[in-house]
Amino acid sequence: MTQPIAADRELDLELIGMTCASCANRIERKLNKLDGVTATVNYATEQAHVEYDGDVTSDDLIEAVRAAGYDAEPVRPVATDAEQADEDPAPSRAEAELTALRQRLVVSAVLTVPVIALAMVPAWQFTYWQWLSLTLAAPVVVWGALPFHRAALAGARHGTTTMDTLVSVGTLAAFGWSIYALFWGDAGVPGMTHGFDLIASRGDGSSNIYLEAAAGVTTFLLAGRYFEKRAKLRAGDALRALAEVGAKDVTVLRDGREVTVPIGDLQVGERFVVRPGEKIATDGRVVSGASAVDQSMLTGESIPVEVAVGDKVVGGTVNAHGRLEVEASAVGADTALAHMAKMVADAQAGKAQVQRLADRISAYFVPVVIAIAAGVLGFWLGVGGGVTLALTAAVSVLVIACPCALGLATPTALMVGTGRGAQLGILLKGPEVLESTRRVDTVALDKTGTVTTGEMAVRDVITADGVDADDLLARAAAVESGSEHPIGRAVCKHVAELGLDVPETADFRNLAGAGVTAFIDGLRVTVTGPRDVPVQLGERMREQIATASAEGATPVVVTYLDAVAGVIVVADTVKPTSAAAIAELKRMGLRPVLLTGDNDGAARHVAAQVGIDEVIADVTPDGKVDAVRRLQESGRVVAMVGDGVNDAAALASADLGLAMGTGTDVAIEAGDLTLVSGDLWAVVDAIALSRKTLSTIKGNLFWAFAYNVAALPLAAAALLNPMMAGLAMAFSSVFVVANSLRLRGFRSRRVSA
């Protein structure tokens, strides 16, 4: 039994049965009528966030949603890896709905194609063709359109109308009139064919059937509903991907023994072991050992952080080398990873809801059309036009107003646009992400992995007097070959590219938290960071090290026995296409901003190379979200480009999130668009293609309405019989599809730049 909730309680509800923005508005109004309740309904995610107090219970909230004609259930929290392992792998409710909708669409489409072909091509109208059309169309109108009929009936029970109402009334009217014409009119006689008179003679409605209109409207609208549902299904992927970052099991020290247990059994204060290459199970403090920890999933930066006894570590990061013992300081919802997941959820919930243009207009369009049809029926009956003429005119009004082209306007443009985008390495997740592209004026770019490669490379070699650079590199690579550190890998890769011979080593040692050392031809060679050099550095070397550090590079010192042999400067490298792509963004009227967690010197050094004037550096993942919001508060419309887990919340909170496909799954799922190539030219193309696709969708919607509105007076005046109304509707659909196909000619800006 649900207990009364104390003040200031919150609950997220998953809403079932919403089909348009007006549904979301109706549920929101119903919830907010309850005392002590403040509710916000997000149509895009099909969820309601409710804050409530007093004597209100969760059951009261669900009942209020049901009273509005829909259903609801509490949102399940994102499962951890351990929980996911124990769960039944059965598909979710949304996935099951999508599968059922796809089956309904496929069956309806297979049955509808011959119905439309027979109706529109007289040469194919064999004897009794009309009865075959009835046999094929009946399942489409009754079973295929069942979701629309149910939604229309639910709306009628609550005194409201939606786009489903017009679809249901129009298809049933066209289908019902066809049955009347076949059984009680002249349409069922052998040899009946459809004529193509532009203006039908009055009273001939009983000689025509309109099955192609009824079946076509149903199939086209099912297609639109399917593509919309498929896009919405991805709403929770970012949080699920974030949950998978954590470890599943942990090796705990209990009674002096190492015991492997599920992550959910780990308690605060317990000590656990992290071996090389393993994920750190949860937030904690190192109590034994030293190592380098790869925090790229958290910070986005490629250089591992050296940790030793007393240092803090974060769950989900990776131990690069060395054995660590860690004391857990936070578990479950209190960890940094869980906090980041909440940030992504909050950022997604805070996005402005995208109102479908068709749904906004339908709030007035649907009841007006129904009223016109009823008025036309009454008018012709009142002036003595006869039942046949009156019904013909009324059905013509409903058929011409059926939103067939509206159902095609978005999905066809989206299909062609996304298909072309896939060829260019751009994945659009749905029409709702396109609204902001037209207004975007600022592009915030993460540095590591976005503007730069995210991989360490040798940038410079400074040698002491009398030391050969190639010999220095070869000896450093020999020593580093026994290390898995990214700096060591960069040195070894550089030496391999130069084709240098690497000498043999002996007595290799890993200097915990300091570097590596080994004997080469009887001479001890050591590679360390500047602060761990065992000998005195000269003035020239100190200046070179200071310069490299100020530019965000990482200098390592190579010593031979007790003398400094040289400095190898390793740094992240700028992608070769970044500067040209950023220049093109500027030509498009966009303002680039470098937004990074790296230090200010490194950030400005990279910004200068690629032509970015505005730099926001030294920011945490929370800081990136705050920076995006500050830009928005200053009046800018922000597109965020990133590739790491640390970018996920900023991607979600930006007006448009573009995730590099070479990055983490979390960033990819949090972004509105995914750029497969990892090339900044894809950002240019993504914004240009998105704007073009959105423009096409809006053009489609305009012309879809224009055809209907222009033909409504003709239908009302009985100058357009239902067959011609169906033809006009079909023509509007062909126009919409042809307009969408123009997107196939979109060309990459890289070609023209």
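Residues numbered from 1 in each chain as written. Predicted model: local features only at pLDDT ≥ 70, side-chain atom pairs only at ≥ 80, totals over all residues. Heavy atoms only, no water.

Novice: Explain the overall build of the protein chain to me, please; I cannot follow it from the model alone.
Specialist: The helix and strand inventory of the protein chain stands at 26 helices and 26 strands. For the protein chain, buried positions account for 52% of its 753 residues. For the protein chain, long-range pairs separated by at least 24 residues make up 71% of all intrachain contacts whose partners lie at least 6 apart in sequence. Of the roughly 31,800 Å² of accessible surface on the protein chain, 56% is carried by carbon and sulfur atoms. (Helix = DSSP H or I, 4+ residues; strand = E, 2+ residues; numbered from the N terminus. Buried < 20%, exposed > 50% of the residue type's maximum accessible area, 1.4 Å probe, protein only. Contact = heavy atoms within 4.5 Å. Areas by Shrake-Rupley, 256 points an atom, 1.4 Å probe, with all protein chains shown as cover.)

Novice: Can you walk me through helix α4 (residues 93–120) in this structure?
Specialist: One turn of an α-helix holds 3.6 residues; hence residues three or four places apart share an orientation. Counted at 1.5 Å a residue, the expected span for α4 with its 28 residues is 40 Å, and the 39 Å between its end C-alpha atoms agrees. Along its length, α4 reaches its greatest deviation from straightness, about 25°, at Thr112, and the proline Pro114 lies no more than four positions downstream. Within the sequence span of α4, burial applies to Leu98, Leu101, Arg104, Leu105, Ser108, Leu111, Thr112, Val115, Leu118 and Ala119. (Expected span 1.5 Å × (residues − 1). Bend = angle between axes of the 7 residues up to and from the residue.)

Novice: Would you mind showing me how to read the UniProt feature "transmembrane region" (unreviewed entry) in the protein chain here?
Specialist: In the numbering used here, UniProt assigns the "transmembrane region" (unreviewed entry) feature to residues 105–125, 131–153, 165–185, 205–224, 361–383, 389–410, 701–720 and 726–743. Secondary structure over residues 131–153 splits into 96% helix and 0% strand, and the C-alpha atoms at its two ends are 29 Å apart. Helix and strand shares over residues 165–185 are 90% and 0% respectively, and the end C-alpha atoms of the span are 27 Å apart. (UniProt positions renumbered as here; feature names shortened; annotations may be inferred.)

Novice: How should the confidence of the model for the protein chain be read in this particular structure?
Specialist: Low pLDDT marks regions whose predicted coordinates should not be analysed in detail. Across the protein chain, the average pLDDT comes to 77, with 77% of residues at or above 70. Looking over the protein chain, one finds the lowest element-wise mean pLDDT in helix α3 (residues 81–86), namely 42, and the highest in helix α5 (residues 129–144), namely 93. For residues 1–7, every residue scores under 50 in pLDDT, and the model assigns this stretch 16 contacts once sequence neighbours within four places are set aside. Counting interchain partners and residues more than four positions distant, the pLDDT-below-50 stretch residues 346–356 has 26 contacts. (pLDDT = per-residue confidence, 0-100.)

Novice: How do you make sense of the pairing of strand β13 (residues 324–328) when you look at a structure like this?
Specialist: Two faces, one strand: in a regular strand the side chains alternate between the faces of the sheet. Here β13 lies mainly inside the structure; four of its five residues are buried. Where strand β7 (residues 271–274) lies against β13, four bridges are found, and the strand directions are antiparallel. The residue bridging Val273 from the neighbouring strand is Glu325, located in β13. The pairing of strand β8 (residues 284–288) with β13 spans four bridges and is antiparallel. Residue pairing in the sheet places Val286 in a bridge with Val326 of β13. (Pairing = 2+ DSSP bridges.)

Novice: I tried to follow the pattern of salt bridges on my own but got confused; where do I start?
Specialist: Here the idea is simple: oppositely charged side chains can pair when their charged atoms come close. Counting across every chain of the model gives 16 salt bridges. A salt bridge links Arg524 to Asp507; its shortest N-O distance comes to 2.9 Å. Of this pair, Arg524 sits in strand β19 (residues 523–528) while Asp507 sits in strand β17 (residues 506–511), and the two are 17 residues apart along the sequence. One connected set of salt bridges, linked through shared partners, spans Glu258, Arg275, Glu278, Arg323 and Glu325. (Salt bridge = Lys/Arg side-chain N within 4 Å of Asp/Glu carboxyl O.)

Novice: Honestly, the environment of Val75 in this entry has me stumped. Any pointers?
Specialist: You can see Val75 is positioned in the loop between β4 (71–74) and α3. Val75 sits 62 residues away from Leu13 along the chain, and the two C-alpha atoms are 5.2 Å apart. Ignoring sequence-local partners within four residues, the contact set of Val75 consists of Asp12, Leu13, Glu14 and Gln47.

Novice: For this particular structure, what's the right way to read the packing of α5 against helix α6 (residues 146–157)?
Specialist: Between two packed helices, the angle of one axis relative to the other and the distance separating the axes together describe the packing. Relative to each other, α5 and α6 sit at 40°, their axes nearing to 5 Å. The angle between α5 and α6 places the two elements in the oblique class. On α6, the residues touching Val141, Val142, Trp143 and Gly144 of α5 are Leu146, Pro147 and His149. Residue composition of the contact of α5 with α6, grouped by class: five nonpolar, two polar and no charged. (Axes fitted to C-alpha atoms, helices over the stretch in contact; angles between N-to-C directions. Parallel < 35°, antiparallel > 145°, perpendicular 65-115°, else oblique. Nonpolar A, V, L, I, M, F, W, Y, C, P; charged D, E, K, R; others polar.)

Novice: Whenever I open this one, the packing of aromatic side chains confuses me. Can you help?
Specialist: Between two aromatic rings, the relevant description is the distance of the centres plus the angle of the planes. All told, the structure shown has six aromatic pairs when counted by the stated rule. Consider the rings of Trp131 and Phe183, whose centres lie 5.3 Å apart with planes at 80°: the pair is edge-to-face. Note that Trp131 is positioned in helix α5 and Phe183 in helix α7 (residues 163–183), a separation of 52 residues in sequence. Residues Trp177 and Tyr180 carry aromatic rings whose centres are separated by 4.9 Å and whose planes lie at 40° to one another, so their mutual orientation is tilted. Here the residue Trp177 and the residue Tyr180 both occupy positions in helix α7, the gap between them amounting to three residues, near one helical turn. Owing to a relative accessible area of 29%, Tyr180 belongs among the partly exposed residues under this scheme. (Phe/Tyr/Trp six-rings, centres within 6.5 Å; stacked < 30°, edge-to-face > 60°.)

Novice: Sorry, what's going on with the sheet that holds strand β21 (residues 563–574) here?
Specialist: Each strand in a sheet pairs with another by means of backbone hydrogen bonds, the pair being arranged parallel or else antiparallel. The strand order across the open sheet built from six strands is β16-β21-β20-β19-β18-β17, with neighbouring strands paired in antiparallel fashion. The outermost strands of the open sheet, each flanked by one partner alone, are β16 (452–463) and β17. With strand direction ignored, the average angle separating the axes of adjacent strands in the sheet is 20°. In this sheet, β21 lies alongside strand β20 (residues 554–560) in antiparallel orientation, the contact comprising seven bridges. Across the sheet, residue Pro555 finds its bridge partner in β21, namely Val569. Its contacts with the sheet place helix α16 (residues 469–480) against β16, β17, β18 (515–520), β19, β20 and β21, and it is angled at close to 110° to β18.

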